[in-house]
Amino acid sequence: MTVRQEITIAKRPDPLEAGLFHHRAGNIAKAEAAYRRVLSRDPKNHGALHLLALATLDKGRGQRALQLVEKALKLAPDGADYLHSAGHILAGLGQLEEAVARYKAALAQDPKRPLTLSNLGNVLKRLGHYDDAADHLSRAVILDPEFAAGWSNLGLVHRERGDFDGAFAAFLKAIAITPNEPGFHYNLANARMADNDTAGAITCYNHALSLNPTHLSAHMNLGAALRQTGNLAGAITHLETATRLSPTDAEAHWNLGLAQLMGENWATGWAEYEWRRKMPSYGLAEPDQPIWNGTSLEGARLLILHEQGFGDALQFMRFAAYAKALGGHVIYQGPKPMLPIIGAMAGVDETCDLNDPPPPFDAFVPMMSIPPILKLDGASLAQDTYLSAKPDHNPLAHIDGLKVGIAWQGNQDYRLDRERSIPLHHFESLAKMPGVTLIGLQKGEGTEQIKDWPSALPFVDLGTNIDAEGGAFMETAAIMGGLDCVVTSDTALAHLAGAMGKPVHVALAHVPDWRWGLEGSACVWYPTMTLHRQTSPGD
């Protein structure tokens, strides 16, 4: 060998180091080629197998990456780095329990691995093991107090646990370490929203967008937050930006639809609201038959599919009469408790349980898709009485004076329920009016407040067994038939009273659900309904 040849060999770069150089530079193809050159000479080089697995993962081939890292582990079973990478790949493949086992094996070899502890914490969070996740993430940031991503991950776990103070502290720590990371400000904003601090959330979303103006989720969530404050112009601006950034993002379009509908921009709002059908949370298994396009139904059978809550069915099944007027045989498929009350509505010919196969039909339509199909707007939404009660007797006939039905509590699982429900004691001033008797229509949640009602004030408690038999709202509808008016918060009973043409007064939060709009006491949905709007939040 000549001296020149020796120099050439001495200067030749190590292929593994060359591969790492290309890998770190983002040139995956060159990195993969370098790793394969090593393996062509040394098939049992577990280091090259491990790095090739990571390069393969970067190309989106998770299963093949797992095979390669498992080969490396057969050659070096105690390799903590290899065990960590196996956990990372398994987590990406959704094999969470297996990922936990690999991460724990890596920590058994080396307990002082902050990234492994953090990744394990993230997987445990995905499994719903929040306390265990918080423990591992806390250990990660104790080992490395400057681990900003670890602090942010810990904040996410605290948020899931409902520990908002812990979440805020962790996110702020992450921001203090890396102030220009938009994701940390975004995570803090989401925690503020979950804690009902909308103003604080808006500030944080804006900060995230100042750092990354194309942050899709920040635009979308800021739009939703602004809608909750009543700032529809700002909401629409950010939600339209979100749909431009990601034209196929169903959630962004759906949120834009809510804002447009709240502003009574009906055509645009209905069109955007249709994107709900592409969201994972939609939940309806739509049949193979064609969706109705609004044309004549003469001689055809139309299946209307129930969506969302009971109140939504009471509100939107009014449109069965429109389909009936076009010559169709109208079938409602919904929850079993709703079948009797919906079956009593004008235009409904037949009902069937959601859990049973429907009778033969020619076309279908989700019930909340009827307005855009028929191009309905604020002038055509309202409908006079479309539900009539046929009681065997009037259970309130013996009560003299003005009979006022009241309901005060919505579903407490709804995040904004505390903004719409009214403690029962606030109705005492109404009961003190001469000749007024209050009739309690509340069922379930909220009835525990009745025990504290002053005995001197007229109040009729009809008991908790209302509607226990015969279907949801059937007895309540019969009782409403004997009332002079109804006063309620934003509950399904508001829709029931409106559908029956009963005078009804609805107390709304400062910024209510989209269907009530933002202004005025008249309701575009129900001619006999009067809306009473909260003048300021928390009032």
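Quick caveat, the model's predicted, so the values are computed rather than measured.

### What to know about the overall build of the protein
Each helix and strand counted, the protein has 26 helices and 10 strands in total. A globule of 539 residues ought to have a C-alpha radius of gyration of about 24 Å, yet the protein, at 31 Å, is considerably larger. Expressed along its principal axes, the backbone C-alpha trace of the protein runs to roughly 115 × 60 × 40 Å. Across the 539 residues of the protein, 50% fall into the buried class. Contacts spanning at least 24 positions in sequence make up 58% of the contacts within the protein whose residues lie at least 6 apart. Carbon and sulfur atoms make up 52% of the accessible area of the protein, which totals about 24900 Å².

### Observations concerning the sheet that holds strand 5 (residues 402–407)
What the 6 strands build is an open sheet, ordered 7-6-5-8-9-10; its pairing is parallel. A strand with exactly one partner marks an edge of an open sheet, and here the two such strands are strand 7 (459–461) and strand 10 (529–533). Each adjacent strand pair in this sheet contributes to an overall mean axis angle of 25 degrees, direction not counted. Of the pairings in the sheet, the one linking strand 6 (residues 436–440) to strand 7 comprises 3 bridges and is parallel in character. Directly across from Ile439, in strand 7, lies its bridge partner Val460.

### Focus: the sheet that holds strand 4 (residues 363–366)
Here 4 strands make up an open sheet; going across it, the order is 3-2-1-4 and the pairing parallel. The sheet is open, and its two edges are formed by strand 3 (350–353) and strand 4, each paired on a single side. On average, each strand axis in the sheet is tilted by 25 degrees relative to the strand beside it, whichever way the strands run. Relative to strand 4, strand 1 (residues 301–305) is paired through 4 bridges, and the arrangement is parallel. The partner of Ile304 across the bridge, within strand 4, is Val365.

### Some details on the environment of Ala492
Turning to its location among the elements, Ala492 is positioned in helix 26 (residues 492–499). Residue class for Ala492 comes out partly exposed when judged on its relative accessible area of 21%. Along the chain, Ala492 and Lys74 lie 418 residues apart, while their C-alpha atoms are 62 Å from each other. If near-sequence neighbours (up to four positions away) are discounted, Ala492 is found in contact with Gly311, Leu314 and Phe473.

### Brief notes about the environment of Gly309
By secondary structure assignment, the location of Gly309 is in the loop between strand 1 and helix 18 (310–316). Among the residues examined, Gly309 registers a relative accessible area of 27% and is labelled partly exposed. Here the alpha-carbon distance between Gly309 and Gln63, two residues 246 residues apart in the chain, equals 41 Å.

### As for the pattern of salt bridges
Once their charged atoms are close, side chains differing in charge can pair, the charge on each being opposite to the other. Within the structure shown, the criterion is met by 15 salt bridges. For Arg36, the salt bridge goes to Glu32, with nearest N and O atoms at 3.0 Å. Pair noted here: Arg36 and Glu32 are both in helix 3 (residues 28–41), with a separation of 4 residues, about one helical turn. The class for Glu32 is buried, based on a relative accessible area of 10%. For the salt bridge of Glu274 with Arg277, the shortest nitrogen-to-oxygen distance reads 3.3 Å.

### Some thoughts on the nonpolar core
Counting 76 residues, the largest nonpolar core has Tyr35, Val69, Val123, Leu154 and Tyr205 as the members making the most contacts within it. Looking at this core element by element, the count peaks at 7 residues for helix 11 (residues 164–177). Apart from the residues lying within four places of it in its own chain, the contact partners of Tyr205 are Tyr186, Ala189, Asn190, Met193, Ala218, Asn221, Leu222 and Ala225. Of all hydrophobic cores here, the second largest spans 67 residues; its members include Trp292, Leu396, Val511 and Cys523.

### Focus: the packing of helix 25 (residues 474–481) against helix 26
Packing of helix 25 against helix 26 brings their axes to within 11 Å, and their N-to-C directions diverge by 55 degrees. Relative to helix 26, helix 25 is oriented oblique. Of the two possible hands of crossing, helix 25 and helix 26 adopt the one that is right-handed. In contact with Thr476, Ala477 and Met480 of helix 25, helix 26 contributes Leu493, Leu496 and Ala497. Its residues placed into classes, the contact of helix 25 with helix 26 shows 5 nonpolar, 1 polar and no charged.

### Some thoughts on the side chain of Thr56
Looking at where Thr56 falls in the secondary structure, it is placed in helix 4 (residues 46–58). A polar contact of 2.7 Å, which involves the side chain of Thr56, links it to the backbone oxygen of Leu52. Sequence-distant contacts of Thr56, that is, excluding residues within four places in its chain, are made with Arg61, Arg64, Ala65 and Leu68.

### A few points about the pairing of strand 5
Of all the 6 residues making up strand 5, 5 are buried; the element is thus mostly covered by neighbouring parts of the structure. Strand direction decides the pairing type here: strand 5 and strand 6, joined by 5 bridges, are parallel. Within strand 6, the residue paired with Val404 across the bridge is Leu438. The sheet contact formed by strand 5 and strand 8 (residues 485–489) spans 4 bridges and is parallel. Across the sheet, Val404 pairs through a bridge with Cys485, a residue of strand 8.

Conventions used here
Residues numbered from 1 in each chain as written. Predicted model: local features only at pLDDT ≥ 70, side-chain atom pairs only at ≥ 80, totals over all residues. Heavy atoms only, no water. Helix = DSSP H or I, 4+ residues; strand = E, 2+ residues; numbered from the N terminus. Rg over C-alpha atoms; globule rule 2.2 N^0.38 Å. Buried < 20%, exposed > 50% of the residue type's maximum accessible area, 1.4 Å probe, protein only. Contact = heavy atoms within 4.5 Å. Areas by Shrake-Rupley, 256 points an atom, 1.4 Å probe, with all protein chains shown as cover. Pairing = 2+ DSSP bridges. Axes fitted to C-alpha atoms, helices over the stretch in contact; angles between N-to-C directions. Salt bridge = Lys/Arg side-chain N within 4 Å of Asp/Glu carboxyl O. Core = buried A, V, L, I, M, F, W, Y, C linked by side-chain atoms within 4.5 Å. Parallel < 35°, antiparallel > 145°, perpendicular 65-115°, else oblique. Left-handed = near helix turned anticlockwise from the far one by under 90°. Nonpolar A, V, L, I, M, F, W, Y, C, P; charged D, E, K, R; others polar. Polar contact = N/O pair within 3.5 Å; in protein donor to acceptor, adjacent residues only side chain to side chain.

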